[in-house]
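# Working through the structure, step by step
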Protein chains: 2
Amino acid sequence: MKKSRQPTINDVAREAGVSKKTVSRVINRSPLLNEETRAKVEAVIARLGYVPNPQARALALRRNFLIGVVHDNPNAQTVLRVQRGILEVLRGTEFELVVRPVDRGSPTMLEDVRAFLERQRLFGVVLLPPISENDALAELCDSIGCRYVRMGSAQLDDPDHMVASNDREAVKEAVTYLIEMGHRHIGLVQGPHGFRSAMERRAGFEDALEAAGIPHPKSLVADGNYTFDSGFQAGVRLLDLLPRPTAIFCSNDEMAAGVLHVARQRGLDVPGDLSILGFDDTTLAAHIWPPLTTVRWPVSSMARSAALKLVGGLDGDAVEEPSMFLSTLIRRASVAPPRG
Amino acid sequence: MKKSRQPTINDVAREAGVSKKTVSRVINRSPLLNEETRAKVEAVIARLGYVPNPQARALALRRNFLIGVVHDNPNAQTVLRVQRGILEVLRGTEFELVVRPVDRGSPTMLEDVRAFLERQRLFGVVLLPPISENDALAELCDSIGCRYVRMGSAQLDDPDHMVASNDREAVKEAVTYLIEMGHRHIGLVQGPHGFRSAMERRAGFEDALEAAGIPHPKSLVADGNYTFDSGFQAGVRLLDLLPRPTAIFCSNDEMAAGVLHVARQRGLDVPGDLSILGFDDTTLAAHIWPPLTTVRWPVSSMARSAALKLVGGLDGDAVEEPSMFLSTLIRRASVAPPRG
DNA sequence: TTGTATGCGTTATCAC
DNA sequence: GTGATAACGCATACAA
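Please read all numbers here as calculations on a predicted model, not as lab measurements.

## Focus: the pattern of salt bridges
Residues and elements named next belong to chain A. One pass over the full model with this rule turns up 40 salt bridges over all chains. A salt bridge links Glu 206 to Arg 202, with the shortest nitrogen-to-oxygen separation between them at 2.8 Å. On the criterion of helical spacing, the pair formed by Glu 206 and Arg 202 is a turn pair, its members being four residues apart in helix α9 (residues 196-211). On the basis of relative accessible area, Arg 202 is assigned to the partly exposed category, the value being 24%. Asp 281 is the partner of Arg 296 in a salt bridge, and the nearest nitrogen-oxygen pair spans 2.7 Å. One end of the pair, Arg 296, is in strand β10 (residues 293-296); the other, Asp 281, is in the loop between β9 (275-280) and α12 (283-287), with 15 residues separating them in the sequence. What makes Asp 281 buried here is its relative accessible area of 10%.

## Thoughts on the UniProt feature "domain: HTH lacI-type" (unreviewed entry) in chain A
The UniProt record marks residues 7-61 of chain A with the feature "domain: HTH lacI-type" (unreviewed entry), using the residue numbering of this structure. Between the C-alpha atoms that bound residues 7-61 of chain A the distance is 20 Å, and the span itself is 69% helix and 0% strand.

## Remarks on the domain arrangement of chain A
How big an interface is tends to be stated in terms of accessible area lost as the parts join. Residue and element names in this part refer to chain A. The domain architecture assigned to chain A consists of domain 1 (9-50), domain 2 (59-165 + 301-325) and domain 3 (167-298). Just the C-alpha atoms count here: the centres of domain 2 and domain 3 sit 30 Å apart. Each partner contributes to the interface: domain 2 provides 15 residues, whereas domain 3 provides 15 residues. Taken together, the connections running from domain 2 to domain 3 amount to zero salt bridges. Taken together, domain 2 and domain 3 are joined by nine residue pairs in polar contact (both at pLDDT 80 or more). Contributions of two or more residues to the side of domain 2 that touches domain 3 are made by α5 (76-90) and α13 (299-311).

## Quick look at the environment of Ser 30 of chain B
Residues and elements named next belong to chain B. Inspection of the secondary structure assignment puts Ser 30 in the loop between α2 (20-27) and α3 (35-48). Here the alpha-carbon distance between Ser 30 and Leu 292, two residues 262 residues apart in the chain, equals 54 Å. Leave out the neighbours within four places in its chain, and Ser 30 touches Arg 25 and Arg 38.

## Considering the interface of chain A and chain B
At the interface, 42 residues of chain A touch 42 residues of chain B. Interface area, chain A with chain B, both sides summed: about 4100 Å², of which 57% is carbon and sulfur. Applying the counting criterion to the chain A and chain B interface returns two salt bridges. Applying the counting criterion to the chain A and chain B interface returns twelve residue pairs in polar contact (both at pLDDT 80 or more). When residues of the side of chain A that touches chain B are traced back to their parent elements, those giving at least two are α4 (54-61), α5, β2 (96-101), α6 (109-120), α11 (253-265) and α12 of chain A. Among the elements that make up the side of chain A that touches chain B, the one with the highest residue count is α5 of chain A (seven residues). Pairing of β2 of chain A with strand β2 (residues 96-101) of chain B, which is carried by three bridges, proceeds in the antiparallel orientation.

## A few points about the protein's contact with DNA strand C
Inspection of the region around DNA strand C gives 25 residues, with Thr 22 and Thr 37 of chain A together with Ile 9, Ser 24 and Tyr 50 of chain B positioned closest. Within 4 Å of the protein, the contacting atoms of DNA strand C are 62% sugar and phosphate, with bases supplying the remainder. Here a phosphate oxygen of DNA strand C sits 2.7 Å away from a polar atom, N or O, in the side chain of Ser 24 of chain B. Note that a phosphate oxygen of DNA strand C is positioned 3.5 Å from one of the side-chain N or O atoms of Arg 57 of chain B. Put simply, the parts of the chain that give the surface near DNA strand C at least two residues each are α2 (20-27) and α4 of chain A together with α2 and α4 (54-61) of chain B. A per-element tally of the surface near DNA strand C places α4 of chain B first, with four residues. Considering only residue class, the surface near DNA strand C consists of eleven nonpolar, eight polar and six charged.

## Looking at the pairing of strand β5 (residues 162-165) of chain B
Residue and element names in this part refer to chain B. Going residue by residue along β5, you find Met 162 and Ala 164 tucked away on one face and Val 163 and Ser 165 tucked away on the opposite face as well. Here three bridges tie strand β4 (residues 147-152) to β5, and the two strands are oriented parallel to one another. Looking at β5, one finds that Met 151 is bridged to Val 163. Pairing of β5 with strand β11 (residues 324-325), which is carried by two bridges, proceeds in the parallel orientation. Across the sheet, Ser 165 pairs through a bridge with Phe 325, a residue of β11.

## Details of the state of the cysteines
Residues and elements named next belong to chain A. Summed over all chains, the structure comprises zero disulfides over all chains. With no disulfide of its own, Cys 146 has Cys 141 as its nearest cysteine by sulfur position, at a separation of 5.3 Å. Its relative accessible area of 5% is what places Cys 146 among the buried residues.

## Comments concerning empty space enclosed by the protein
Think of a ball as big as a water molecule: rolled over the atoms, this probe shows where empty space is left. Tallied over the full model, the rule gives six cavities of 30 Å³ or more. For the largest cavity, the calculated volume is near 90 Å³. Pro 52, Pro 54, Arg 57, Ala 58, Asn 64, Phe 65 and Glu 94 of chain A together with Arg 119 and Gln 120 of chain B are the residues that line the largest cavity. Looking at the lining of the largest cavity, the elements that each hand over two or more residues are α4 of chain A together with α6 (109-120) of chain B. The greatest single-element share of the lining of the largest cavity, amounting to three residues, is contributed by α4 of chain A. A volume near 70 Å³ is recorded for the second largest cavity. Taken together, Arg 119 of chain A together with Pro 52, Pro 54, Arg 57, Ala 58, Phe 65 and Glu 94 of chain B form the lining of the second largest cavity.

## What to know about the protein's contact with DNA strand D
In the vicinity of DNA strand D there are 25 residues, among which Ile 9, Lys 21 and Tyr 50 of chain A together with Thr 22 and Thr 37 of chain B approach most closely. If you look at DNA strand D and keep only atoms within 4 Å of the protein, 64% of those are sugar or phosphate atoms. Take Lys 20 of chain A: an N or O atom from its side chain is 2.9 Å from a base nitrogen of DNA strand D. Counting residues per element, the surface near DNA strand D draws most heavily on α4 of chain A, which supplies four residues. The class makeup of the residues in the surface near DNA strand D is ten nonpolar, nine polar and six charged.

## Examining the sheet that holds strand β9 (residues 275-280) of chain B
Residue and element names in this part refer to chain B. Read across the open sheet, the six strands follow the order β7-β6-β8-β9-β10-β12; overall the sheet is mixed. A strand with exactly one partner marks an edge of an open sheet, and here the two such strands are β7 (221-223) and β12 (328-330). When the angles between neighbouring strand axes are averaged without regard to direction, this sheet yields 20°. Here three bridges tie strand β8 (residues 247-250) to β9, and the two strands are oriented parallel to one another. Looking at β9, one finds that Ala 247 is bridged to Ser 275. Sheet strands touched by helix α8 (residues 167-180): β6 (186-190), β8, β9, β10 (293-296) and β12. Its angle to β9, the strand with the most contacts, is close to 165°. Packed onto the sheet, helix α10 (residues 228-239) meets β6, β7 and β8 and runs at close to 150° relative to β7.

## A look at the side chain of Arg 81 of chain B
One can find Arg 81 of chain B in helix α5 (residues 76-90). At 5.1 Å, Asp 280 of chain B is the nearest oppositely charged side chain to Arg 81 of chain B, a buried residue that forms no salt bridge.

Thresholds applied
Residues numbered from 1 in each chain as written. Chains lettered and ligands numbered in written order. Predicted model: local features only at pLDDT ≥ 70, side-chain atom pairs only at ≥ 80, totals over all residues. Heavy atoms only, no water. Salt bridge = Lys/Arg side-chain N within 4 Å of Asp/Glu carboxyl O. Helix = DSSP H or I, 4+ residues; strand = E, 2+ residues; numbered from the N terminus. Buried < 20%, exposed > 50% of the residue type's maximum accessible area, 1.4 Å probe, protein only. UniProt positions renumbered as here; feature names shortened; annotations may be inferred. Domains from an automatic or database assignment. Contact = heavy atoms within 4.5 Å. Polar contact = N/O pair within 3.5 Å; in protein donor to acceptor, adjacent residues only side chain to side chain. Buried area = accessible area lost by both parts, 1.4 Å probe. Pairing = 2+ DSSP bridges. Near = heavy atom within 4 Å. Nonpolar A, V, L, I, M, F, W, Y, C, P; charged D, E, K, R; others polar. Disulfide = S-S within 2.5 Å. 1 Å grid on protein atoms, 1.4 Å probe; cavity = no way out; pocket = protein on both sides within 12 Å on 5 of 7 lines; lining within 4 Å. Points joined across faces, edges and corners; volume = space filled by probe spheres on them. Axes fitted to C-alpha atoms, helices over the stretch in contact; angles between N-to-C directions. Lys, Arg positive; Asp, Glu negative; His and termini not counted.

Following this line, the structure appears as structure tokens:
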């Protein structure tokens, strides 16, 4: 009677009348293999329903077939969209996705990640902003021998290790759209200091104003940290200004929702009294009222591409994945020409 | 010169002048061990910074130190909150989190999950609704020897394998609140057929009306599938009714946002012309305008508890984790007495 | 092209 | 209490 356990490489070898190594060669698609032998072994594999044991492979290869997402709690929607994108690519492969939040702030962050990577021996990791902007982290991955791909708002690494978006140009275009509508008094709610994305988006904002010859006093710039609450605070400050800005660009949608909240509390009409422009195009953007005009950050595509850079090209031919993704303006109802 | 690789159990054994097995005993906290030996070995472990290799352990134990989240794409926010809750518990432990979306619909769903569990040999899994309602899935986990905890809106399993919320009572209470405000003509946007959560929430809705002696014609019930769009469609249908309902309860926040959208498009004042009540208390609820009165589904606590049921009690004493969690009404601004 | 011997780092068996 | 030795399932070096 057959044991009820799952078949191992030994079972296959015995059934097929070959050695373990030959089976191993079939599994790993070794090129130097007699076609007949291969077919014979593959038949047995199929009949037995044999699947290589990942734990044993991990031990022997000193490498796990796991892809990690390492992030420090940026926007919840973003994390999820990244996961989805990666999972789309991983579906049907032998890879699994493991999620690893870390605390950028913490002085031991780098050591934490190192311990994680060394212990789990991940096949590769996707680094999310803002920690993806940390060069030391990338070097760490390299030195450990863990593949990595960084996601971010600017090209911080070579194309094999980076998927980036053109935030600066995209924001410039979006703010230019505001200007073309007639806005001259435009507020900015910027992202956290030290974030590359915040920097790029602010630069795009300034580019647009500069190109139009519009001055941009500091009073029209409010700090935020990408949260709804910080957007709310920033909105309070900006809408207290006299004269009030007729439009506000927010470095992400969540803060835009916060500004919108303030506007509503004050009975302001959006977009009549105030136009609001966001960034990200999370689901929130389309679900609030009025639907938010925003810049779509192609995070799903970026995540898919990142995953492909990691696991793709394993079948021999290197896949040429794009490493630059274009953010585009999504025009909805929160922007209109200034009144009167 | 020392090799640069990480120390293994052999290194520790050699340094400590004991056998591998003894080191193994120290690691696994074997009770029958000389205190002196233990101390000696532990000192060496600390000095060398030795950490057991998870891949080798997984192979030997036929069990991986991974916790899985198996879900079929329910609300994005929910997935994320669950992940966070679990990760809080896993932080600092030797466990990692792997995410596994599946396609309920698919005829091979059960086989997919089986293959996943058998191959990865997970330590345990958290099952999210609605697939957590599938008893066959639970039995499958059991038969494979994979621990599991189901999350859901009713007690579907014994406390060791279940964390549940009291949706029915919570909704009854919430709808009673609407009734006490003076509403008599209340619409319902229900969740997908076949979902236990949808059933429970609808039952709670009906309980409240029945207790108040209010009839509930079918015309006031609209179908939804927990998405914004379905909420929008349902809202269109309900707000076309004459007389128009003065309040609508939606089985989740996302659909409530959809209904709110319709109200806005028609220039209806919320809550003046229409009160809206949601369920979940996702971040969306507090971020839309007006802030949504909703029932808080304690998903984070439930997830933490689920994780603890899985990995807790490993140190000997079984932890007594609650398996029932109370949903509570969060009163915000989307509900008011009916006008006139 | 295929097989043999050995290693990967841990736990389990069963002596001592 | 502790240690030698054999699993665990696969891959690699080297030989045939």
